Amino acid sequence: MKTPDSRFYCPLICVGTIILDENESSHAVRVCRAANGDTLQLCDGLGHYADATITKADAKACEVRVDTVEDAPFKRPRLNLGIACLKDDALEEVVFHAAQTETDSIIFLRTDYSQEPKNSDLKKTVRRAELKSLVSLKQSKKPWMTHIEGPIEFDKWLKDYQGDLILCDIDGERKLDLGLAESAANGNTTPITLLVGPEGGFSPREIEAIKAFKNGKVHLLNLGNTRLRARTAAIIALGKVL
């Protein structure tokens with residue numbers, strides 16, 4: 001038996017016989033050339049894994065048998081990324097990279113300087129971002145899928161948010177030691193959201209509101225001496241925090 005070096009998405013993993021959807025079936029049988037008796041690694045994006053034996057290698061409805069379902073050895077991450085809506089395909093690019101890391105959710109925020117097309121509901125962008133997150137889940141072999149949320153008005157989101165914030169700011173610390181892994185092991189589930197503005201950054205009004213936030217701690221993070229594009233800043237900031 002062989003095991004393709006890839007994970008396959010199955011939203012409902014359980015002991016017994018499972019039929020994979022057409023996309024996953026086609027990838028397993030046509031792309032990976034898996035056959036009856038081969039083993040596939042399944043994940044549901046909710047912290048569960050399973051090794052599944054193929055009982056019917058059908059490219060449209062691959063049938064597998066699961067004997068045991070395993071739980072992830074650690075809890076869901078509590079770090080989120082809140083990024084201002086950007087133009088073109090910048091949001092999808094950010095999601096593709098960020099969703100490969102231990103990031104719980106990515107929130108698209110409508111800020112004062114947001115650059116998305118006027119009168120856009122971003123439904124297509126959100127859907128494509130969700131697909132990018134799914135691809136990143138399987139590629140990175142992590143147990144938790146990164147949720148995509150929004151778009152939402154920044155003021156409304158900040159008003160309702162309960163947790164800690166990290167703002168990219170020139171006066172911030174070069175590195176933050178938040179002890180994410182240690183605090184998670186100790187049962188700390190307080191969310192932390194890393195905030196990245198659009199090109200040109202958050203407006204002075206928004207920055208003042210963030211620094212005055214009272215429903216959690218506010219950390220300031222310095223990303224260096226050069227000016228970064230928003231999509232670059234998001235990934236650099238995640239690298240400094242994780």
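Quick notes on the rules
Residues numbered from 1 in each chain as written. Predicted model: local features only at pLDDT ≥ 70, side-chain atom pairs only at ≥ 80, totals over all residues. Heavy atoms only, no water. Pairing = 2+ DSSP bridges. Helix = DSSP H or I, 4+ residues; strand = E, 2+ residues; numbered from the N terminus. Axes fitted to C-alpha atoms, helices over the stretch in contact; angles between N-to-C directions. Contact = heavy atoms within 4.5 Å. Salt bridge = Lys/Arg side-chain N within 4 Å of Asp/Glu carboxyl O. Buried < 20%, exposed > 50% of the residue type's maximum accessible area, 1.4 Å probe, protein only.

**Focus: the sheet that holds strand E2 (residues 16-19)**
- Across the sheet, five strands lie side by side as E1-E3-E4-E5-E2; this open sheet has mixed pairing. Edge positions in the open sheet fall to strand E1 (7-9) and E2, since each of these has one partner strand only. Taken over all neighbouring pairs, the strand axes of this sheet differ in orientation by 45 degrees on average, direction set aside.
- Here helix H1 (residues 22-31) sits on the sheet and contacts E1 and strand E3 (39-43); the angle it forms with E1, its principal contact strand, is near 155 degrees.
- Packing against the sheet, helix H3 (residues 123-140) makes contact with E1 and E3, and its axis sits at approximately 145 degrees to E1.

**A word on the pattern of salt bridges**
- Taken as a whole and assessed by the stated rule, the structure comprises 13 salt bridges.
- Its salt-bridge partner being Arg76, residue Asp104 comes within 2.2 Å of it at the nearest N-O pair. Residue Asp104 is found in the loop between helix H2 (90-98) and strand E7 (105-110), and its partner Arg76 is found in the loop between strand E5 (63-71) and strand E6 (79-84); the two are separated by 28 residues along the sequence.
- According to the relative accessible area criterion, Asp104 is buried, its value standing at 15%.
- One salt bridge connects Arg205 with Asp155, and the closest N-O pair in it is separated by 3.2 Å. You can see Arg205 sitting in helix H6 (residues 204-211) and its partner Asp155 sitting in helix H4 (residues 154-160), a full 50 residues away along the chain.
- Note on Arg205: relative accessible area 41%, which makes it partly exposed.
- Salt bridges here are not isolated pairs; linked through shared partners, they connect Asp112, Asp155, Arg205 and Glu206.

**Remarks on the side chain of Arg110**
- In this fold, Arg110 is placed in strand E7.
- Residue contacts for Arg110: discarding those within four places in its chain leaves Cys85, Glu116, Ser120, Asp121, Leu122, Pro151, Ile152, Glu153 and Phe154.

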